[in-house]
Amino acid sequence: MGKILEINGPLVKLELPETVLGEQVRVGAIGLVGEVIGRDGDTALAQLYEDTAGLKPGEVAEGLGWPLSVELGPGLLNAIFDGVQRPLNAVWEKSGDRIARGVAVPSLPRDQRWHFVPDPERRAGAPVAGGDVLGTVRETESIQHRILVPPLTHGELLELAPEGDYTVEESIGRVKMADGRIDKLRLFHRWPVRVPRPFRRRDHAVKPLITGQRILDTFYPLLKGGKAAIPGPFGAGKTMLQQQIARWCNAEIVIYVGCGERGNELTDVLEFMPELVDPHTGRPLMERTLLVANTSNMPVVAREASVYVGITLAEYFRDQGYDVVMVADSTSRWAEALREVAGRLGQMPVEEGYPAYLGSRLAAFYERAGRVETLSGGHGSVTLIGAVSPPGGDFSEPVTSHTKEIIQTFWALSKELADARHYPAVDWLESFSGYVPSAAKWWAENVDPGWEAARGEALDLLAASEELQRIVNLVGVEALSSEQRWTLEAAGLLKEGLLQQAATDEIDSFASPEKQYALLAALLEIYRQGMKLVKLGAPARRLIQMPLLAQARRWKSQHKSEELALLKEKIARIPADFAQIALDYEQSGHTA
Amino acid sequence: MKNVEFRTASSVQGGLIVMGGVTGVAAGSRVQLKDHAGRLRNGLVIRSADDAVLVEVFEGTDDLDLERTWVRFLDEPFKLPVSRDILGRVFNGAGLPRDGRPPIISADRRDVNGEPLNPAARAYPREFIQTGISAIDGMNSLTRGQKLPVFSGGGLPHNRVAAQIVRQAKLLGEESSEFVVVFAAFGASNADARFFQESFEESGVLNKVVMFLNLADEPVIERLLTPRAALTAAEYLAFDLDYHVLVVMTDMTAYAEALREVAVLRGDVPARKGYPGYLYSDLAEIYERAGRIKNRRGSITMIPVLSMPSDDITHPIPDLTGYITEGQIVLGRELANQGVYPPVTVLPSLSRLMKDGIGKNFTREDHPHVASQLFASYAKALEVRGLAAIIGAEELSDADRRYLQFAEAFERRFIGQGEDEDRSVYETLNLAWDLLSMLPPEALIRVSEEELAKYHKWQAMAEAA
Ligand SMILES: Nc1ncnc2c1ncn2[C@@H]1O[C@H](COP(=O)(O)OP(=O)(O)OP(=O)(O)O)[C@@H](O)[C@H]1O
Ligand SMILES: [Mg+2]
């Protein structure tokens, strides 16, 4: 037992000789928890996860003997945890609407029984190693929770419990370790959040993560196991885009980390997820989702921890062989929390108050994404998508610029697009993806061999129109040639008919890869057909009045992903529309 | 400890004093000082160790004579006594009466810092509030439990807009407002405070208003308490007494400047423009106190007003506010100069909760599409206006000229309205269709074909012409 020497904001100086860096401590009469971040002789410096008001010098303090860890086992899905994995629903029951300080509730429910089915291949007397699957618990209708041997446990399986109902704490088996010690196996184990969970080796990411958002999947794809960032000023649509991904993406598990953002956004997720059906499994989306929430009004120290809690949970499901997506909203708030801690420790700030190690911390965090061969020989992935909230929307600030160097897919949100209510406001010129070649292979095999070429053609058209727009803004549209006017018109059609995709549009909120490609190909077909005529001398003015152009802008909202037949019919009629114009034009003797 | 007075201050510097020889002082505890002249000052323990306790003194330490200063540690945080009687009262920033009436006596005294609301306990705001202002109701609508700030600038009519919202805000189908109002002003001028007081008086709601005033010439540090005291009162009214509370706070810029002043004294590392790195979290502690709670009837809807230094929306105060609040109503100088009231610049304005509070079961089925179409058409119209400024309006195509007229009409008739004009959301939507009817149906992609058939009057207009 030690005692408090000094309280300074969330930082407390303790007389506590035996603790190590990173160790958890419990402090004061109300039992606030925190972690040691500095040591000096017999004193330890700790930051507490909760507000320190009311603590007094002289009150008790004790080291707990372990670093910040999470509990991993059945009971995770469907839940909402705070930044240090306290279950917020249970906390609500215990302490009411407001989070009282010092409430201790175990992360996983202790009284619930889970139906455990042992793996028939496992035999007593055979060797087991960390990461091996002992059996399964059907945690939700759509997800089998695979019960793993904790990563550092190796030895001889002495016994494995028969099929039956167990709480997370009951023993389901015993392992004799190499050193002769006997370890009990349970449905859950603990893991320190700042230590990446081990795997056999990294695999190449090969499959695109399908999000149903055209500007992402078709133009700037992300792979399962990839890293992406969504930078953008306030109100540009980072959260909406992440929520869209959480809703529609074809991952098996989704971890949504609300890091220093709004309470209502989590409420929103909690309310809509149970009502929405996973297009891939037909089950309520909440069954595959779990939330980690440290909202902006919750203590800053736990905010720093929350992203590590989230990524460790993600790795745990990866180790079970699942494709996991973690969205973190927003990594900037995490970096700011890091900055506050550094400031309090008196570390030298280098840029905008951030410590020198900001870049390496960010890199180490994103490094935990990836597709791996798990310890048991299966395959799983963690895809990491971080929102970035640059002050003043300035992408040259430290968090955005460091992140940009680390990630492969960059979905840059633009204030101009958002102001004009062009959603998702992903800027097609600023964004990039390093995954296009791999994605192209998948699209060619699964959707259409023309994907890569069509994507390139569309991006070229958009870039060309940007140039032309500049000219128009200087001298007016009359200065453009017919070909140029048609290019401008076709780019407008692409923006409205393809790139814009309202999350609120029931039909278009999610677009399957087939629908994405059908629309892309159709709009390009209109562009090409028109260009052909223009090159023959038909005036763009005439083409621009075609009713087809207004109609095609509505196609995305008229045709569901499952019902593309009608859309394909409309597409097939495109050449006929142009043929009619060609005919009129010929008959009128080229004077139209 | 509460009743012992210490005279052991060992040093003093810019608003902070260090006390020696006191043990076991609680962090965050409230402090009372009696200076050489017998005047009382307030303070807060910001660092506590047995050999040195650091106290922040609200009224300043400039003329403090340490030899003759007596300090008492009250062993509790700042608290606000609450009871039904706070309605109709006027307090200072620390919650003491400034209306000459007796202090509130209540056993129920609440820590003004509040405690964070459990996100699992929140209920999502969905009820549309009609403000009677088209630019808000039609395009940036407010819902019960939302925090929606007004971003403004010196000389713009933010006070009048805020007062109009307070006067007119009601739920659809309600005859009159059933809100109570908590009004907090910090760093405000006497004239501003009086403007609101008179506006509340005129609309006869004074007995449904609680005011917390910290004027420009009053202690800066007290400014940090003012919004917290006001929100403590609001939480009590909303979640203990079931009221729907509308909180108006002005001016958040004065608040943030006070915070910067104190941070400099404390020696905190600055982040941007001298503001401390924790400005975001500090503002969030205030703004996030808005909302609804499951199983509770009341609500807190918040309308903070802030002036953007040099009209710069990327300045840390509006920037961080925008990152926390659920949208913003931006007032613009250009519209104001053209005599448009309320000068709401719609493109940078946003209501994030709008999408869940309008439409079929809330306002009218065409509302979401109409709003989206107005944004798109007006954005396009502004492009055309920019072009016309370069090449001259005569050079524009017919189609473009229509956009020019649309922009004009939209600003005058839709955004512009009287200060006493209380439009229903249906009037607002019908007006929107009148304006959209100036554009051909092919140009209106964001509304559905059914909506066009039902509401668009292009054909009729063309025939009439
Ligand atoms: N894909 C979309 N479809 C429809 N509306 C959208 C879309 N993206 C954004 N919006 C609109 O923009 C608003 C702001 O989006 P969002 O809250 O995601 O911004 P943000 O970038 O997360 O902002 P902040 O940094 O302040 O959290 C939404 O409330 C919604 O009205
Ligand atoms: Mg957001």
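This brings us to the pairing of strand β15 (residues 171-177) of chain A. All names here are of chain A. With five bridges joining them, strand β13 (residues 155-160) and β15 adopt antiparallel strand pairing. Following the sheet pairing, Gly155 is matched in β15 by Met177. Alignment of β15 against strand β16 (residues 182-186), held across five bridges, turns out to be antiparallel. Of the residues in β16, the one forming a bridge with Val175 is Asp183. The loop that links β15 with its antiparallel partner β16 comprises four residues; one of these, Gly180, has a positive phi angle of about 90°.

This paragraph deals with the domain arrangement of chain B. Residues and elements named next belong to chain B. Assigned domains of chain B: these are domain 1 (5-77), domain 2 (80-356) and domain 3 (367-464). Each of domain 1 and domain 2 has a C-alpha centre, and the two are 31 Å apart. Across the boundary between the two partners, domain 1 contributes ten residues, which contact nine residues of domain 2. Here domain 1 packs against domain 2, burying approximately 830 Å² in sum over the two surfaces, 61% of which is carbon and sulfur. Looking at the side of domain 1 facing domain 2, the largest losses of area belong to Glu56, Phe58 and Pro77, adding up to 52% of the total buried there. Taken together, domain 1 and domain 2 are joined by two salt bridges. Seen at the junction of domain 1 and domain 2, the total is two residue pairs in polar contact (both at pLDDT 80 or more).

Residues and elements named next belong to chain A. The final tally for this structure, using the stated rule, is 81 salt bridges over all chains. Residue Arg288 is joined to Asp278 by a salt bridge in which the shortest nitrogen-to-oxygen separation is 3.6 Å. Residue Arg288 is found in the loop between α4 (263-272) and β21 (289-294), and its partner Asp278 is found in the loop between α4 and β21; the two are separated by ten residues along the sequence. A relative accessible area of 2% places Arg288 in the buried class. Judged by relative accessible area, which is 5%, Asp278 ranks as buried. Connected through salt bridges with shared partners, the residues Arg200, Arg201, Asp203, Arg371 and Glu373 form a single ionic network.

Time to look at the confidence of the model for chain B. All names here are of chain B. In the predicted model, chain B carries a mean pLDDT of 92, and 98% of its residues have values of at least 70. Taking the mean pLDDT of every element in chain B, the minimum, 64, falls on helix α14 (residues 458-464) and the maximum, 98, on strand β23 (residues 327-330). Interface confidence for the predicted complex, given as ipTM, is 0.93, next to a pTM of 0.95.

Below, the discussion takes up empty space enclosed by the protein. A full pass over the atoms with the stated rule returns six cavities of 30 Å³ or more. Breaking the lining of the largest cavity down by element, the ones donating at least two residues are α6 (331-344) of chain A together with β19 (270-272), β20 (275-276), α6 (279-287) and α7 (316-324) of chain B. Among the residues making up the lining of the largest cavity, the classes are represented as eleven nonpolar, two polar and five charged. In this structure, the second largest cavity occupies an estimated 100 Å³ of space.

Helical geometry note: an α-helix holds 3.6 residues per turn, so side chains three or four residues apart project in the same direction. Residues and elements named next belong to chain A. Of the positions making up helix α1 (residues 88-95), those classed as buried are Leu88, Val91 and Trp92. Looking straight down α1, one finds that the buried residues subtend no more than 105° of arc, so they occupy a single side. Turned more than 90 degrees away from the buried face of α1 sit Glu93 and Lys94, all of them exposed. Buried residues along α1 sit in contact with β8 (80-82) and β21.

Rules used in this analysis
- Residues numbered from 1 in each chain as written.
- Chains lettered and ligands numbered in written order.
- Predicted model: local features only at pLDDT ≥ 70, side-chain atom pairs only at ≥ 80, totals over all residues.
- Heavy atoms only, no water.
- Pairing = 2+ DSSP bridges.
- Helix = DSSP H or I, 4+ residues; strand = E, 2+ residues; numbered from the N terminus.
- Domains from an automatic or database assignment.
- Contact = heavy atoms within 4.5 Å.
- Buried area = accessible area lost by both parts, 1.4 Å probe.
- Salt bridge = Lys/Arg side-chain N within 4 Å of Asp/Glu carboxyl O.
- Polar contact = N/O pair within 3.5 Å; in protein donor to acceptor, adjacent residues only side chain to side chain.
- Buried < 20%, exposed > 50% of the residue type's maximum accessible area, 1.4 Å probe, protein only.
- pLDDT = per-residue confidence, 0-100.
- 1 Å grid on protein atoms, 1.4 Å probe; cavity = no way out; pocket = protein on both sides within 12 Å on 5 of 7 lines; lining within 4 Å.
- Points joined across faces, edges and corners; volume = space filled by probe spheres on them.
- Nonpolar A, V, L, I, M, F, W, Y, C, P; charged D, E, K, R; others polar.
- Arc of directions from axis to C-beta.

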